[in-house]
Each structure stands twice: as structure tokens, then as C-alpha cells.
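# Architecture at a glance
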Amino acid sequence: MTSMNDNKYSGASEAELGFLKEIVRMLPAGLTVQDAHGELLLVNDAAAAQLGMDGSRPSPDLAPRREACRKALSAGQPVVTEEALHDGAARQVLLTTHLPVRLAGRELLISASSDITEQKNFEDQLFRSAYFDELTGLPSRRVIEHRANSLLARDRERFALAFLDVDNFKHINDYYGHAVGDALLVELSKRLGRDLRDSDMLSRISGDEFLLLLSPIQSQEEVAEFMQSTLERLTAPFFIDHSEVFASTSVGISLYPDHGRSFETLRQNADIAMYRIKNNGKGLAAFFDASMEREAQARIKVEQSLRLAILEKRFCCAFQSKVDIRTQAVKGIEALVRLRDDEGVIQAPGSFINLAGELGLIDELTHLVLAEIVKSIDLINDTFGAEATISINVAAKQAGNPEFMRSFALALEETGFPQRFMIEVTEDAFVAKNHFQAEILPMFRKLGVGISIDDFGTGYSSLSALADITADEIKIDRSFITDIHKRPRSQGILRAIESLSEALGMTVIAEGLESFEELAYLQAATKIRYAQGYYFSRPIFLEELKLATPVSSEARASVASRPMQQNRQGYSRASGYRR
Ligand code: C2E
Ligand code: MG
Ligand code: MG
């Protein structure tokens, strides 16, 4: 420890002074005493380390500290300062109290410093994570909101707020993995950020969503042109981890003041415009307009009522039989979900199933369908026979989701009769590069649950893809069956599917059989054994059967598959089903 030389104070013994010096030396806080010329009269060990005077590290630039001390001395008042000392790349932050004193006629400055570097670094990290996105380094939503709000408060210039959403980002993530997904976001943000002015701002607000603030702007045309060239830049492939990844982005734009006077309104309206693009082809940009708002409100209303319907469990199932076209016996039944809307009208799935998928409500819906089947199993057995298989539809999106499929398999197992069930999945689920074929299917097979390919012929798979699919049943879409007796091309396709299915050991079902002529064709010209369609039975509600006169077991097969007219009458009267 460097110490003052003239330390002969009256009353203190040499030993006591030595003891005090030792204490000062060992203090964990850095302590220095200096005179008016800046000469250090005392530096304890902690201070020597902090100021790089002990040789343990390169000495930092002390000029700013000297200046702070000089100021403190001349002010004659105690001051507390935060001092950042830099040696090369490293930064050390000291919290220092400077206390000017007069001692034996001399102006001295006592300075006590504690090292708060770690705390400062942590605070900085917190600050960065609150205001900047860790992955791309772009400003966060808060920052762009703040920026927009200050423009709004100033109210001097027009500006544009663009909402950008990467198309099918989830698929890219699923297909290439998260590391490539992350790298893509980084590269995308670089391309998006190119050509921005200092006064513009690009921000990543969540997963694959960005906000772009363009300010100032002259006209809508100018913004449209700029966005167009930005989108064009995105069409070139991204080279990531030896893969060529293609990505497009859909953009919705709102203008201030034309489309809103608050950040929230502008953001929402840009989002609405973006949504329109998503539904009409993706990869483009659109400006908000009032008609979109009406559309969005209508959509929100439907969304709300669907959420409510799920909450209130206002769902029921109609059952349609799969019939052996030679014996009329019921091979199995398919559960088709129905929604009772706010006004009590029964809705077919076409009006809500896709939305339920988008809103993440479809998994719950599928569980509700299963629950209803389990609840009505006795009535189902009485009506269709205890041997009839029971098919449940699963959307392709659900089929590729291991988490849902695991929970669904468990629920099927818990019924105690999983081997009675079949799941109907469209061919897309099989050809998508997801977990369905490899991981999920075996789980269902183990339980004895059958697998059916629904709507075959409408998806993207080719006949050759069929060879890789392991399923028990294939349902040929109604579009091939309608008027089959009059359509040679469909007949050819039917024959091809039929022979391939036979080779692969899959049962073929003709969907949507409506007329006697169609049936006659199938019987005469094909080996197809099973059909499902209005000709045999419309989907029926079990409550209707309860209301009807009890049926004897001999009559059962014919009730479940009786010709269409009788069925149609009872069905529409009791259910109020509107088509
Ligand atoms: P799908 O699985 O192909 O079911 C057959 C659809 O065709 C049913 O329509 C049925 O009522 C209708 N249909 C049956 N025979 C005939 C016929 O002879 N002529 C005509 N024109 N139509 C016939 P629905 O009940 O409206 O269901 C439509 C689609 O909604 C289903 O097609 C299925 O993909 C989906 N769906 C139904 N229930 C569920 C469910 O619980 N979950 C999921 N994810 N999707 C479901
Ligand atoms: Mg189906
Ligand atoms: Mg179908």
C-alpha cells in the first residue's frame, strides 16, 4: 500500500496506526487519497487492482477518472459517480464516492470505489433483451412502438407501417429444423433491412413477424414501389447449412394518417391487410382498406362464436354407414361432427372445420367427437352392430402433430375398445415430411386402430406415392364417383386405384355414392365392395333413432343402410339440419 508520509498524528501509537493502515489496505472497497495536484498519497490493494496499478492487468485509461477527481475537489462537495474504465475491450465500472477534506492545511480527496461491473453487465443485458431481439439484433416491438408514438405526437409527417409475416415458416422449421429456421430469420432480416434510411426502422416482433416503419413518405405509390422491390429481393434462395431455402413474405401496409391515428390501430390494420394477402396467394403486399375491416370483423364474429361453441360443447356427431354393396350389411360407420350454432341451427363442418384448425381448437373438437362416441356406444352397437368399425376424421395438420396424436391414441386406448376405431386422414398427411408415417402410425397400429386414407385423389400425392403408404383402407373421393357410369376417364382412374389398392391389401371404399346408376356401375365393372353415400344413408343423429320405433336386430342392417328417401325425411325433420 502506498501511504502518506506525514502520518504522525497525536494520540495514536505507532502500533495503532500500523493496525489502521492494515485495515485500510485490506478493505474490499478501493480507497485512494490524493492531493490537489492529483498525486496519489494512498492507494489500498483493492484500488490498486481496480486502477490496474498492481500489474495484474493492462492499466486502463485513467484520464477520465483524474478529471472527475479534479472536479470533485474544486466543487468542495462530496459526489457519487459511476466510472467506466476501459482497457482494450474490457470494461470495468466503479461506483465511487469522492469526499473532499481539509487535513493539516492540505486539500485532499478521499475516494472509495466498489466494482459494480457484473451488476452493470447484467443490467445492460436486461436492457438489450427488453429492447433488442437476441436472434437478429433488431429493435423489439417496444422500440418501434415508441418510435411510432413519437412520430404520432409530433404529427408532422406521413409514415407507413408494414406488417410482414414469413409464409409457411412453420413448415420450413419442421422440414429443415429450428437451427435453419433461425438462420433464415437472420438472413431475411438482413435482406429486409437493406436499403432502409436512418429514419426507417425494422423490428422483429415475434417468431416470424416483422414490423417495418417507413418515415417520412411522400405517397402510397412510393411505398408500394419500395415494398415491391423488397419482396423481389426475397425471392432469391437463401443458402443455409448447404441447403437452398426459398422463403416468401406476405405484407400488409397501413398509412398514417389515412388508416389510423394510433400505433395499435395502424398495426392492426396492417395485420388485417396482411391476412388478406395470406388468404389470396401469399408473397405479396397489400394496403389496408375499409372493406378489409368489415371482413375482419365478420371473421372475428365467427371466431368468437366458434370458441363459445367449443367452450359450451355445442357439438354432436352424425353417423354415416359404410355399406357392403352386395349384402347391404354395415361394415362400419363414420362420425361426422356437427355444430349447433348460437341460434340452434346445425352446421356442417365445411363452415367451421378449417377455422377450428387455424384457431388451434380442432384438437379439442376431435376429443369431443370421441367422447360423444364413447357416451353413445350402446346405442351405436344397437343400431349398427357391435362389429361395425367407427371412423373418426383427423385433419392432416393434427396427424403430423405428435403431441396431439399421442394424446389421441391414449384416449382411444382408454375407451377399452381401441380396435373398433379407424382414423381417417387425407393423403397429404402421408406425403408431408413430418412424423406421421414413421412415428405416429406405428403407435396407432399397436393399439389395433385402423388407418384410412380419406378423399383419395384430391390431394397432391401421385399413385406411386400410394406404394409407400401403410393404410388399411382407401376412400376414393366423391368427385370420381359422381356419374362414374358416364365418365370413362374417371373409370380409368378408378381401375388404377383399385388394382393398386388390391396389390397393397387395402380395402377400397367409394365415397359419395348417390344414385342407382353409380352403384350399378361399381357392381358390374369393378371389384369394389364398399361404398358410402346418400344412396344408402345420409349421416344420421342417434337421437333420431332413439325417437323412432325400436328396431329388431334383424331389421338393424337395413335401418342403418336403408335407401335414401326414407332416411332423408326422418333426418331433416328431427335435426333441423340446414345445408
Ligand atoms: P369426409 O370425411 O370426406 O366425409 C364425407 C362427407 O361427404 C360428409 O360431409 C358427408 O356428409 C358427405 N357425404 C356423404 N355421402 C355423400 C353423398 O352421397 N353426396 C354428397 N354430396 N355428400 C356426401 P360433411 O359431414 O359435411 O363433412 C365434410 C368434411 O368435414 C369431412 O369429409 C371431413 O373431412 C370433415 N370432418 C367431418 N367431421 C370431422 C371431424 O370430426 N374432424 C375433422 N378434422 N374433420 C371432420
Ligand atoms: Mg372422412
Ligand atoms: Mg372423404
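Residues numbered from 1 in each chain as written. Chains lettered and ligands numbered in written order. Predicted model: local features only at pLDDT ≥ 70, side-chain atom pairs only at ≥ 80, totals over all residues. Heavy atoms only, no water.

### What about unusual backbone geometry?
The residue after Ser215, namely Pro216, is reached through a cis peptide bond having omega -5 degrees. In this structure, Pro216 sits in the loop between β8 (209–214) and α8 (220–235). Look at the link from Tyr256 to Pro257: it is a cis peptide, with omega at 5 degrees. Relative to the helices and strands, Pro257 is located in the loop between β11 (249–256) and α9 (263–279). Backbone geometry at Gln328 places phi at a positive 70 degrees, although glycine is not the residue there. The topology assignment puts Gln328 in the loop between β13 (315–324) and β14 (330–340). Owing to a relative accessible area of 32%, Gln328 belongs among the partly exposed residues under this scheme. You will see that Asp455, though not glycine, has its phi angle at about 50 degrees, which is positive. Relative to the helices and strands, Asp455 is located in strand β18 (residues 450–456). (Helix = DSSP H or I, 4+ residues; strand = E, 2+ residues; numbered from the N terminus. Buried < 20%, exposed > 50% of the residue type's maximum accessible area, 1.4 Å probe, protein only.)

### Some words on the confidence of the model for the protein
In low-pLDDT segments, the atomic positions of the prediction should not be examined closely. With 91% of its residues at a pLDDT of at least 70, the protein reaches an overall mean of 87. Confidence drops under pLDDT 50 across residues 562–579; counting only partners more than four residues distant or on other chains, this segment forms 37 contacts. (pLDDT = per-residue confidence, 0-100. Contact = heavy atoms within 4.5 Å.)

### Re the pairing of strand β3 (residues 79–87)
Here 9 bridges tie β3 to strand β4 (residues 90–103), and the two strands are oriented antiparallel to one another. Among the inter-strand pairings, Thr81 is bridged to a residue of β4, identified as Thr96. (Pairing = 2+ DSSP bridges.)

### Notes on the site of ligand 1
Neighbouring ligand 1 are 24 residues; Arg338, Asn393, Asp454, Glu514 and Tyr534 lie closest to it. In the environment of ligand 1, a nitrogen atom lies 2.4 Å from a nitrogen or oxygen atom belonging to the side chain of Glu514. For ligand 1, whose free accessible area comes to 800 Å², the fraction covered by protein is 84%. Where the shell around ligand 1 is concerned, the elements lending two or more residues are β14, α12 (362–375) and β18. Split by residue class, the shell around ligand 1 holds 11 nonpolar, 5 polar and 8 charged. (Near = heavy atom within 4 Å. Polar contact = N/O pair within 3.5 Å; in protein donor to acceptor, adjacent residues only side chain to side chain. Areas by Shrake-Rupley, 256 points an atom, 1.4 Å probe, with all protein chains shown as cover. Nonpolar A, V, L, I, M, F, W, Y, C, P; charged D, E, K, R; others polar.)

### Some thoughts on the pairing of strand β7 (residues 201–206)
The buried fraction of β7 amounts to 5 of the 6 residues, a majority that puts the element mostly inside the structure. From the end of β7 to the start of β8, which pair antiparallel, there are 2 residues.

### Some thoughts on a nonpolar patch on the surface
On the surface, a nonpolar cluster with roughly 380 Å² of combined accessible area is contributed by Phe19, Leu20, Ile23 and Leu27. Relative to the helices and strands, Leu20 resides in helix α1 (residues 14–26). (Patch = residues over 30% accessible without salt bridge, like charges linked within 9 Å, V, L, I, M, F, W, Y side chains within 5 Å. Salt bridge = Lys/Arg side-chain N within 4 Å of Asp/Glu carboxyl O.)

### A closer look at the side chain of Glu518
Within the fold, Glu518 resides in helix α21 (residues 516–525). Summary of buried charges: Glu518 has no salt-bridge partner, and the nearest side chain of opposite charge, Arg487, is 7.3 Å away. (Lys, Arg positive; Asp, Glu negative; His and termini not counted.)

### A closer look at the packing of helix α6 (residues 169–176) against helix α7 (residues 178–193)
Two quantities define a packed helix pair, namely the angle between the helix axes and the distance between the axes. Their axes nearest at 6 Å, the elements α6 and α7 cross at an angle of 135 degrees. The angle between α6 and α7 falls in the class oblique. Note on element contacts: α7 touches α6 through His178, Val180, Gly181, Leu184 and Leu185, opposite Phe169, Ile172, Asn173 and Tyr176. Within the contact of α6 with α7, the residues separate by chemical class into 6 nonpolar, 3 polar and no charged. (Axes fitted to C-alpha atoms, helices over the stretch in contact; angles between N-to-C directions. Parallel < 35°, antiparallel > 145°, perpendicular 65-115°, else oblique.)

### Some words on the sheet that holds β4
One open sheet accounts for 5 strands, arranged β2-β1-β5-β4-β3; its pairing is antiparallel. Of all strands in the sheet, those with a lone pairing partner are β2 (40–43) and β3, marking the two edges. Averaged over all neighbouring strand pairs, the angle between strand axes comes to 25 degrees, with direction disregarded. Where strand β1 (residues 30–35) meets strand β5 (residues 106–115), 6 bridges bridge the pair, whose relative direction is antiparallel. Bridging from a neighbouring strand, Leu31 pairs with Ala112 of β5.

### Examining the packing of helix α15 (residues 402–414) against helix α17 (residues 436–447)
Two numbers describe how α15 lies on α17: the axes approach to 10 Å, and their chain directions differ by 5 degrees. Between α15 and α17, the crossing angle belongs to the class labelled roughly parallel. Note on element contacts: α17 touches α15 through Phe436, Glu439, Ile440, Met443, Phe444 and Leu447, opposite Pro402, Met405, Arg406, Phe408, Ala409, Leu412 and Glu413. The class makeup of the residues in the contact of α15 with α17 is 10 nonpolar, no polar and 3 charged.

### Quick notes on the UniProt feature "domain: GGDEF" (unreviewed entry) in the protein
This chain's UniProt record puts "domain: GGDEF" (unreviewed entry) on residues 157–290. Between the end C-alpha atoms of residues 157–290 there is a gap of 22 Å, over a span that is 43% helix and 28% strand. (UniProt positions renumbered as here; feature names shortened; annotations may be inferred.)

### Quick notes on the coordination of the magnesium ion (ligand 3)
Only Asp454 (OD), Asp455 (OD), Glu511 (OE) and Glu511 (OE) from the protein reach the magnesium ion (ligand 3) as donors, at distances of 1.9 to 2.6 Å. The sequence motif formed by the donor residues of the magnesium ion (ligand 3) is D-D-x55-E. The distance between the magnesium ion (ligand 3) and the magnesium ion (ligand 2) is 4.0 Å, with Asp454 acting as a donor to both metals. Taken together, the residues span a long stretch of sequence, with Asp454 in strand β18 and Glu511 in strand β20 (residues 507–511) at a distance of 57 residues. Judged by relative accessible area, which is 12%, Glu511 ranks as buried. (Donors = N, O, S within 2.8 Å, 3.2 Å for Na, K, Ca; no water.)

### A closer look at the coordination of the magnesium ion (ligand 2)
For the magnesium ion (ligand 2), the full set of protein donor atoms is Glu334 (OE), Asn393 (OD1), Glu424 (OE) and Asp454 (OD), at a range of 2.0 to 2.2 Å. Spacing between the donor residues of the magnesium ion (ligand 2) along their common chain follows E-x58-N-x30-E-x29-D. A relative accessible area of 28% means that Asn393 is categorised as partly exposed.

### Points about the environment of Asn149
In this fold, Asn149 is placed in helix α5 (residues 141–154). Classification of Asn149 by relative accessible area gives partly exposed; the value is 34%.

### Notes on the pattern of salt bridges
Going through the model one piece at a time under the given rule, you end up with 31 salt bridges. Residue Arg141 pairs with Glu145 through a salt bridge whose shortest N-O separation is 3.7 Å. Separated by 4 residues within a single helix, Arg141 and Glu145 lie in helix α5, roughly one turn from each other. Among the residues examined, Glu145 registers a relative accessible area of 26% and is labelled partly exposed. Taken together, the shared-partner salt bridges connect Arg141, Glu145, Glu264, Arg267 and Asp271 into one network.

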